[in-house]
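Per-entry structural report
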Amino acid sequence: MVVGSGPNGLAAAITLLEAGRSVLVLEAAEQPGGGLRSGELTEPGFRHDMCASVMAFAPVSPFLRRQSLRLLTPPAPLAHPLDGGAAVILDRSMEVTAAGLDRADRAAYCRRLGGLVSGAEAAFAALLAGPRLPQLALTGARFGVTPLLPAAGLARHAFQGERARALLAGCSAHGGLALTEPVSAAFGLVLQATAHAGGWPLASGGSQSVAASLVQRLLQLGGEIRCGEHVADLGHLPGRAVLLDLTPREVLRLAGSRLGVRYRRGLERYRYGPGAFKLDWALRGPVPWRNPACARAGTAHLGGTLAEIAAAEREVSQGRHALRPFVIFVQPSLFDPSRAPAGRHTAYAYCHVPNGSAVDMTGAIERQVERFAPGFRDLVLARSATGPAALEQHNPNLVGGDLNGGRQDLRQLFTRPLPRWSPYTTPDPRLYLCGQATPPGGGVHGMCGYNAARAALRRTLQ
């Protein structure tokens, strides 16, 4: 049995089916996919991703790269515009990217990422296998530095110019930590490497198509999935093993009495990261970037310099809202015409906010977009705003709007949800955890489910 049909739940089910086991997946929502769902959030004909959009890990995930997914790769993974019309373009080519940096930083950039990019298949297989501190330290040798450093410190130490520093800061901010915290640099280095190794693709037709492909594979293997099934009591579920694609809070609700006092108290102390405030737009035309090169990229980081991005994320980490938030902006319809009517476009953006925030960040986000794309607001036909509470209502695993399934700091990244030799196991030998609250954590890679299924095959289903 698998409870929950997000990418990790589906990955667990497929892995068990491929090992010759029978599998039933139960999903509370009317559609499978968890964070991989799409819909018309603004106006008819405009298709938006409700949560996950950019599939940065799909090309490097040992599980997802074996699946038949319909992915579209933009010419450039990322644009990072700066004031005055300049922009740093993170290209598929590491050398082309380096050529766009300040001269003093070009060799340092290639040296920092070269080993990981050239050995991407082996490196990401190690990192996504459920990273422990020794794994990260060993793989860090490929970076040329320890990835345990704070992003702000590494950026200032490794690079002399603002362009390379800003690029690393923006990628590091995806981790949801203040850029002065240990391990924040790891998120930036890993995301930059995925851009060079896989290109940060988008799902054709919306992220729902990724879920549809995984469900199709599940059915081909003889699995079964039932939507609209609310599980209230795990004790009545049949099966030799039950894998839970759930947040620790939901695990406690469903299985607390079966887990023992010590384990239960540990889950109660599990910490969640910042929430997200998300905007989706239906647009009259393409985004009017001040620098036209930004139209080559599927994603744009809107936050300016290292100092500004660090200040914005520090505000959130201290429970406040940034006046000039760091904004992650996606423009899928430039590369996927199926997302909008002819001549029209969609765009999507979010910024971090304190977990559970009720503050409307629409104005702050749109000011950041307008800063680098003057005239953007004039193109808006309709917008849909989704705060942390609405994100959680859409998917209960997004506790307080946390997209990463829990805070990913130095302690909790390696012991999520609790320190155990196998973090996917529980005191109940029949129950396993396979959600984002297990290693390797947030992102659409399916590896939490894949790793949990392998643990179940070794421990219970051998």
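Described below are features of the structure shown in this document. Residue numbers run consecutively from 1 along every chain, following the written order of its sequence. Local features in a predicted model are, by the rule used here, given only for residues with pLDDT of at least 70; side-chain atom pairs are given and counted only at 80 or more, and totals for whole chains, interfaces and linings are based on all residues. Side-chain numbers here rest on the full set of heavy atoms in the structure, without hydrogens or water.

Moving on: the environment of arginine 21. Only DSSP runs of H or I with at least four residues qualify as helices, and only runs of E with at least two residues qualify as strands; both kinds are numbered from the N terminus onward. Checked against the element boundaries, arginine 21 lands in the loop between helix H1 (7-18) and strand E2 (24-27). Residue exposure (1.4 Å probe, protein chains only): buried if accessible area is under 20% of the type maximum, exposed if over 50%, otherwise partly exposed. Given a relative accessible area of 29%, arginine 21 falls into the partly exposed group. For the pair formed by arginine 21 and leucine 221, sequence separation is 200 residues and the distance between their alpha carbons is 9.8 Å. Working rule for contacts: check all heavy atoms of both residues, and any pair within 4.5 Å makes them a contact. What arginine 21 contacts, discounting residues up to four positions off in sequence, is Leu16, Leu457, Leu461 and Gln462. Within 3.5 Å is the distance limit for a polar contact, defined as a pair of N or O atoms, with the added protein rule that one can donate a hydrogen and the other accept it, and that residues adjacent in sequence qualify only through two side-chain atoms. From its side chain, arginine 21 meets the backbone oxygen of alanine 19 in a polar contact 2.7 Å long.

Attention now moves to the packing of aromatic side chains. Aromatic rings from Phe, Tyr and Trp, taking only the six-membered ring of Trp, are treated as a pair when their centres fall within 6.5 Å; an angle between ring planes under 30 degrees marks them as stacked, one over 60 as edge-to-face, and anything in between as tilted. Tallied over the entire structure, the rule returns 7 aromatic pairs. Judged by centre distance (5.4 Å) and plane angle (85 degrees), the ring pair of tryptophan 289 and phenylalanine 329 falls under edge-to-face. Of this pair, tryptophan 289 sits in the loop between strand E11 (275-283) and strand E12 (297-302) while phenylalanine 329 sits in strand E13 (residues 327-330), and the two are 40 residues apart along the sequence. You can call phenylalanine 329 buried: its relative accessible area is 0%. An aromatic cluster is built from Trp281, Trp289, Phe329 and Phe376, whose rings are joined through pairwise contacts.

This part covers the pairing of strand E7 (residues 87-90). By the alternation rule, side chains of E7 split into Ala87 and Ile89 and Val88 and Leu90, which are all buried. Sheet topology note: the strand E6 (residues 76-81)/E7 ladder contains 4 bridges and is antiparallel. Bridge pairing in E7 places histidine 80 opposite valine 88. Criterion used throughout: strands pair if DSSP finds at least two bridges between them. Counted along the chain from E6 to the antiparallel partner E7, the turn is 5 residues long, and its residue glycine 84 has a positive phi close to 90 degrees.

So, about helix H11 (residues 261-268). Within H11 the residues assigned to the buried category are Tyr263, Gly266 and Leu267. Relative to the axis of H11, the buried residues are bounded by an arc of 100 degrees and lie together on one face. Opposite the packed face of H11, turned more than 90 degrees from it, sit the exposed residues Arg262, Arg265 and Glu268. Those residues of H11 hidden inside the fold are in contact with helix H10 (248-255) and strand E16 (431-433). As used here, the arc belongs to the directions running from the helix axis to the C-beta atoms.

Right, let's talk about unusual backbone geometry for a bit. Where the residue is not glycine, phi is negative for most of them; where a peptide bond is considered, it is trans in most cases. Residue arginine 416 is joined to proline 417 through a cis peptide bond whose omega torsion reads -10 degrees. When you line up the elements, proline 417 lands in the loop between helix H15 (410-415) and E16. That bond from proline 439 to proline 440 is cis: its omega, 5 degrees, falls within 30 degrees of zero. Relative to the assigned elements, proline 440 resides in the loop between E16 and helix H16 (447-459). Phi at valine 183 is positive, roughly 75 degrees, even though this residue is not glycine. With respect to the helices, strands and loops of the structure, valine 183 is situated in the loop between helix H7 (162-172) and helix H8 (184-198). A relative accessible area of 0% means that valine 183 is categorised as buried. In this model, tryptophan 200 sits at a positive phi of 55 degrees, which is unusual for a non-glycine residue. Following the sequence through the fold, tryptophan 200 ends up in the loop between H8 and strand E8 (202-203). Overall, tryptophan 200 belongs to the buried group, its relative accessible area being 4%.

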